[in-house]
Amino acid sequence: MKTVLIAGGNVIDGTGSAPQSNTDVLIKGDRIVGVGKNLAIDPADISSSEKIDATGLTVMPGLIDAHVHVTLGEPRTNDELFMHRDAPTSAILAAYNVRKILKAGVTSMLDVDGIFNIGPALRDSINSGIVEGPTMRSGSYALMTAVGGTAGKLIPDSGTAGYAEVVRNKEETVLAVRRQVKEGADIIKIHVTGSIPTRSGEIQVWTRDELKVVCDTAHDLGVRVTAHCRGDKATLDAVMAGVDIIWHASFLGDAALEAIIDKKVPVGPVFTFLANLSEYGHKAGATSTAKSIFAGELEHTGAKLREAYDAGVKLLSGSESGFSMTPYGHWHAREMEVFVQHLGLTPLQAITCATKDNAVALDEDGETGCISSGYRADVLILDGDPSK
């Protein structure tokens, strides 16, 4: 079992505390066993040890990306994603791209949904050492009703297509959840809202009772449920139905905000995608009107989520990596910047969202995301000070 001493660095521990200057971190195997001044390697471990001089450098927890689509392959359009993907190529490409994510400083991630049920197999390949990548938790297909998700009429009336699995009634819902769990899904994702060509924005496409069927079935099997919600009532119904993590929470109103705070349901706003569209959308053909809508959603939802954060709700940091606007390996730290700019968090608070607090997305709270004895040794050494 190898011992590593990272000596003399400025340690950001992930808890929000001020950086600790000239501090050592001692690692044995895959665990942190000490944090403090003037630590030493046990003489019995010298032959299998390494010392890293981190003087003048920052030592911090590896980033956790709570919202990745590692199997999608950066499509530019829904047509490309739904009509021009095959399983063998997609699996090979995902194994290639997951290494980019690791090299960007992400040591753990949640793959929220994907195509061809590749995610669980990729997770198992990483765990067995076949593929190099972050520690990974994975969903399967996103559950939808026949109204659809974010791909309009490309969503079929039943069965699977792209990242979608369409269920038509309670019996199909229960069967789909149970099958996804059997096939290795760590979480179940529901598209509570979706878009259709004749309506602006996204509309709610599940009832609260239907959502509760998903939650009850998954929870009975010890599996958590996450939900894509762009709309106030959608968020409220998802929370009240028992969803464990809310994504986006767009256009949040007072009732939904109160429910989130009351139940302390973590929210991953996934603002990086909106921020990129707002700033760079013109390069992808977005109009100035569309860009202003994206910017407006950032400000409105951001203000509400700051209220939730101040009331003790965990804000999760996710990049939405997997689309052409959020390519793998590039934007995994952007959400922290958006939290500082649009929610008014301090850099240390934003780092906590992307490390210690983000561990809840993996169901690994207390296991990773912190530089402290007993935690998994997911550690970054940086040239610079991200706390400023």
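Residues numbered from 1 in each chain as written. Predicted model: local features only at pLDDT ≥ 70, side-chain atom pairs only at ≥ 80, totals over all residues. Heavy atoms only, no water.

A.B. asks: Explain the overall build of the protein here, please?
C.D. replies: The helix and strand tally for the protein stands at 11 helices and 18 strands. For the protein, whose C-alpha radius of gyration is 21 Å, the value lies close to the compact-globule estimate of 21 Å for 388 residues. Taken along the three principal axes of its C-alpha coordinates, the protein extends 70 × 40 × 40 Å. Put simply, 68% of the contacts in the protein that link residues at least 6 apart link residues at least 24 apart. Separation between the mean location of the 36 positive side-chain charges and that of the 49 negative ones in the protein comes to 1 Å. (Helix = DSSP H or I, 4+ residues; strand = E, 2+ residues; numbered from the N terminus. Rg over C-alpha atoms; globule rule 2.2 N^0.38 Å. Contact = heavy atoms within 4.5 Å. Lys, Arg positive; Asp, Glu negative; His and termini not counted. Charge placed at Lys NZ, Arg CZ, Asp CG, Glu CD.)

A.B. asks: Whenever I open this one, the pairing of strand β3 (residues 31-36) confuses me. Can you help?
C.D. replies: Within a regular beta strand, the side chains point alternately toward one face of the sheet and then the other, so they alternate between its two faces. Bridge analysis of strand β2 (residues 20-28) against β3 gives five bridges, and the strand direction is antiparallel. Looking across to β3, one finds that Asp24 is bridged to Gly36. Counting the residues in the hairpin turn of β2 and β3 gives two residues, including Gly29, whose phi is positive at 65°. (Pairing = 2+ DSSP bridges.)

A.B. asks: Would you take a moment to explain the nonpolar core for this structure?
C.D. replies: Most often, soluble globular proteins have nonpolar side chains that are buried together. Ranked by size, the top nonpolar core spans 85 residues in total, and within it Val70, Tyr163 and Ile246 carry the most contacts. In this structure, Tyr163 is in contact with Leu72, Leu81, Phe82, Asp113, Gly114, Ile115, Tyr141, Ala142, Met144, Thr150, Ala151 and His191, ignoring residues within four places of it in sequence. Formed by 13 residues, the second largest nonpolar core is a distinct cluster that contains Ile64, Leu316, Ala359 and Ala361. (Core = buried A, V, L, I, M, F, W, Y, C linked by side-chain atoms within 4.5 Å. Buried < 20%, exposed > 50% of the residue type's maximum accessible area, 1.4 Å probe, protein only.)

A.B. asks: Just to check I follow, could you spell out the pattern of salt bridges for this structure?
C.D. replies: A side chain of one charge can pair with a side chain of the opposite charge when the charged atoms of the two come close. One pass over the full model with this rule turns up 28 salt bridges. A salt bridge links Arg99 to Glu132; the nearest nitrogen and oxygen atoms lie 2.6 Å apart. Remark: Glu132 occurs in the loop between α3 (118-127) and β8 (135-138) and Arg99 occurs in helix α2 (residues 87-103); sequence separation between them is 33 residues. Judged by relative accessible area, which is 41%, Glu132 ranks as partly exposed. (Salt bridge = Lys/Arg side-chain N within 4 Å of Asp/Glu carboxyl O.)

A.B. asks: Please explain the state of the cysteines as it appears in this structure.
C.D. replies: Think of a disulfide as a covalent bridge from one cysteine sulfur atom to another cysteine sulfur atom. Tallied over the entire structure, the rule returns zero disulfides. Free of any disulfide, Cys215 has its nearest cysteine sulfur in Cys229, 10 Å distant. A residue is classified by how much of its surface remains accessible, and Cys215, at 0% relative accessible area, is buried. Taking relative accessible area as the criterion, Cys229 reaches 0% and is therefore assigned buried. (Disulfide = S-S within 2.5 Å.)

A.B. asks: Could you clarify how one ought to interpret the packing of aromatic side chains in this entry?
C.D. replies: Here a ring pair, both rings aromatic, is described through the centre-centre distance and the interplanar angle of the planes. Scanning the entire structure with this criterion turns up three aromatic pairs. Measuring from ring centre to ring centre gives 5.8 Å for Phe273 and Phe323, while their planes differ by 70°; the resulting arrangement is edge-to-face. Taken together, the residues span a long stretch of sequence, with Phe273 in helix α8 (residues 271-280) and Phe323 in the loop between α9 (288-310) and α10 (334-343) at a distance of 50 residues. (Phe/Tyr/Trp six-rings, centres within 6.5 Å; stacked < 30°, edge-to-face > 60°.)

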